Amino acid sequence: GGVGLVALARYFSQLPRGRRPKRSLVFSAVSGHFAGPALPQTRGFIDRHPDLVARAAASVTIEHLGASEWLDDARGYHPTGGPDMFIVWHSQTAGITGPVIESMKANDLVHSRALRPAGDYMIAVGTAFNESGVPTVSSIVAPNYMVSWAENGHLAKFMPARAAREVRWAADLITRFDSIPAAQLAAGDSAALRTGVACLPGDNTPTCLT
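Counting of residues starts from 1 at the beginning of each chain's written sequence and follows it residue by residue. Two thresholds apply to this predicted model, a pLDDT of at least 70 for residue-level local features and 80 or more for giving and counting side-chain atom pairs, whereas whole-chain, interface and lining totals are computed over all residues. With hydrogens and water set aside, each side-chain value is computed from the structure's full complement of heavy atoms.

J.: Help me get a handle on the overall build of the chain, residues and values and all.
T.: When its secondary structure is counted, the chain shows seven helices and eight strands. Burial classification: accessible surface area is computed with a 1.4 Å probe over protein chains only, and a residue below 20% of its type maximum counts as buried, one above 50% as exposed, and the rest as partly exposed. Taking all 210 residues of the chain together, 42% fall into the buried category. Once local pairs closer than 6 in sequence are excluded, the contacts in the chain between residues at least 24 apart make up 75%. Areas reported as accessible are Shrake-Rupley estimates using a 1.4 Å probe. Residue values count occlusion only from the protein chains shown. Of the accessible surface of the chain, which amounts to about 11,400 Å², a share of 58% is contributed by carbon and sulfur atoms. For the purposes of this entry, the term helix denotes a DSSP run of H or I that reaches at least four residues, the term strand denotes a run of E that reaches at least two, and both are numbered from the N terminus. Any pair of residues with heavy atoms lying within 4.5 Å of one another is described as a contacting pair.

Written as structure tokens, this is what we have:
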């Protein structure tokens, strides 16, 4: 995720001034995952920068980019040859939901899901922004080797092309959000809508919404 943030910052800074986002972009690389209150990760950033949070039109978080999919089944532990599931939790407003789905389609983000949060909870580190009322997109990949040990840190399982696609998706999504008024990004969210999952066309998973 940190490498992806640097790539996004470079991309937007190198655009001609007339094509750069009209809004300011703030990049936060937080630490403390699974560390509890001692290192409060996103919540710590929010608590330290209430002025930025109050002015935020939207937030986009990215984690664990370029992860390949491995299964542990009757064949043993083996790769499928494709990317692991890319999960995108998002606030339930028309200003957020439409661009999320459109950007996933436009960037051919195969093997992915757009999910409604369970209440305010999104599992990924963007949850705290959602809890704070900031329109939020919180993406993560959670491969089954995520918290296991390997001599090379599992880098052999990294898929650079997939990571690049996920970063391009984030850049596209941010660009789409930039043209939408802040009130439209925030309007219409409801806890009553925060259940279920939306998937890309052609996905036959029973939990997908059509």
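J.: How would you sum up the packing of helix H4 (residues 94–106) against helix H6 (residues 160–178)? Please name residues and give values.
T.: Fitting a line to C-alpha atoms yields each axis, with helices limited to the stretch in contact; the angle taken between N-to-C directions then spans 0 to 180 degrees. Viewed as axis vectors pointing N to C, H4 and H6 meet at an angle of 145 degrees, and their least axial separation amounts to 9 Å. Once H4 is placed against H6, the crossing between them reads as right-handed. Of H6, the residues touching H4 (which contributes Gly95, Ile96, Pro99, Val100, Glu102, Ser103, Met104 and Ala106) are Trp169, Asp172, Leu173, Arg176 and Phe177. The handedness criterion is simple: a crossing whose near helix is rotated anticlockwise from the far helix by less than a right angle is left-handed, and one whose near helix is rotated clockwise is right-handed.

J.: Please set out the pattern of salt bridges residue by residue, giving values where relevant.
T.: Note on definitions: salt bridges are taken to be side-chain nitrogens of Lys or Arg within 4 Å of carboxyl oxygens of Asp or Glu. For the coordinates displayed, the defined rule picks out five salt bridges. Note that Asp47 is salt-bridged to Arg43, the shortest N-O span being 3.6 Å. On the criterion of helical spacing, the pair formed by Asp47 and Arg43 is a turn pair, its members being four residues apart in helix H2 (residues 41–48). Overall, Asp47 belongs to the exposed group, its relative accessible area being 52%. Classification of Arg43 as partly exposed rests on a relative accessible area of 29%.

J.: Report on the nonpolar core, specifying residues and quantitative values.
T.: Here the nonpolar core consists of buried residues drawn from Ala, Val, Leu, Ile, Met, Phe, Trp, Tyr and Cys, with membership extended through side-chain atoms lying within 4.5 Å. Counting residues in each nonpolar core, the largest one holds 29 residues, and the members touching the most others are Val100, Val137, Trp169 and Phe177. Of all the elements in the fold, those that place two or more residues in this core are helix H1 (2–14), strand E4 (86–90), H4, strand E6 (136–141) and H6. Among the elements that take part in this core, H6 stands out by supplying eight residues, more than any other.

J.: So what's going on with the side chain of Glu69? Residues and values would help.
T.: As for its placement among the helices and strands, Glu69 is situated in strand E2 (residues 68–73). The charged-residue count follows a simple rule in which Lys and Arg add positive charge and Asp and Glu add negative charge, with His and chain termini not counted at all. Arg113 provides the closest opposite charge to the buried, salt-bridge-free Glu69, at an N-O distance of 8.8 Å. For this analysis, a polar contact is any N or O atom pair within 3.5 Å, provided that within protein one partner can donate a hydrogen and the other can accept it, and provided that sequence-adjacent residues contribute only side-chain to side-chain pairs. Engagement of the side chain of Glu69 in a polar contact is seen with the side chain of His111, the distance being 3.2 Å.

J.: Quick one: what's the story with the confidence of the model for the chain, residue by residue and with numbers?
T.: In predicted models, pLDDT denotes the confidence assigned by the predictor to each residue on a 0 to 100 scale. Mean pLDDT for the chain: 87, with 87% of residues reaching 70 or above. When pLDDT is averaged over each element of the chain, H6 comes out on top at 97 and strand E8 (residues 208–209) at the bottom at 44. Within the model, pLDDT remains below 50 along residues 191–201, and this stretch shows 33 contacts once partners closer than five positions in the same chain are excluded. Across residues 204–210 the pLDDT falls below 50, and counting only partners more than four positions away or on other chains, this stretch makes ten contacts in the model.

J.: With reference to specific residues and values, describe unusual backbone geometry.
T.: Of note in the backbone geometry, His64 takes a positive phi value of approximately 60 degrees without being a glycine. Note that His64 resides in the loop between strand E1 (59–61) and E2. On the basis of relative accessible area, His64 is assigned to the partly exposed category, the value being 26%. In this structure, His154 takes a positive phi of about 65 degrees despite not being glycine. Tracing the backbone shows His154 in the loop between E6 and H6.

J.: Pulling in residues and values, what's your account of the environment of Ile46?
T.: Here Ile46 lies in helix H2. Separated by 83 residues in sequence, Ile46 and Phe129 place their C-alpha atoms 7.6 Å apart. Ignoring sequence-local partners within four residues, the contact set of Ile46 consists of Val53, Ala128, Phe129 and Ser132.

J.: Could you give me a rundown of the side chain of Ser139, with the residues and numbers involved?
T.: Relative to the helices and strands, Ser139 resides in strand E6. Of the residues examined, Ser139 reaches a relative accessible area of 0% and is grouped as buried.

J.: Give a description of the packing of aromatic side chains that names residues and reports values.
T.: How two aromatic rings sit relative to each other is set out by the distance from centre to centre and by the angle between their planes. In summary, the pairing rule links any two rings of Phe, Tyr or Trp, Trp by its six-membered ring, whose centres are within 6.5 Å, and it sorts them by plane angle into stacked for under 30 degrees, edge-to-face for over 60 and tilted for everything else. Per the counting criterion, the structure on display carries four aromatic pairs. Ring geometry for Tyr11 versus Phe12: centroids 4.9 Å apart, planes at 70 degrees, classification edge-to-face. Among the residues examined, Tyr11 registers a relative accessible area of 36% and is labelled partly exposed. According to the relative accessible area criterion, Phe12 is buried, its value standing at 5%. Between Lys157 and the ring centre of Trp70, over which it is positioned, the NZ or CZ distance is 4.6 Å. Put simply, a charge is over a ring when the Lys NZ or the Arg CZ is close to the ring centre, within 6 Å, and near the line of the ring normal, within 35 degrees. Above the face of the Tyr145 ring, Lys157 is positioned so that its terminal group lies 5.3 Å from the ring centre.

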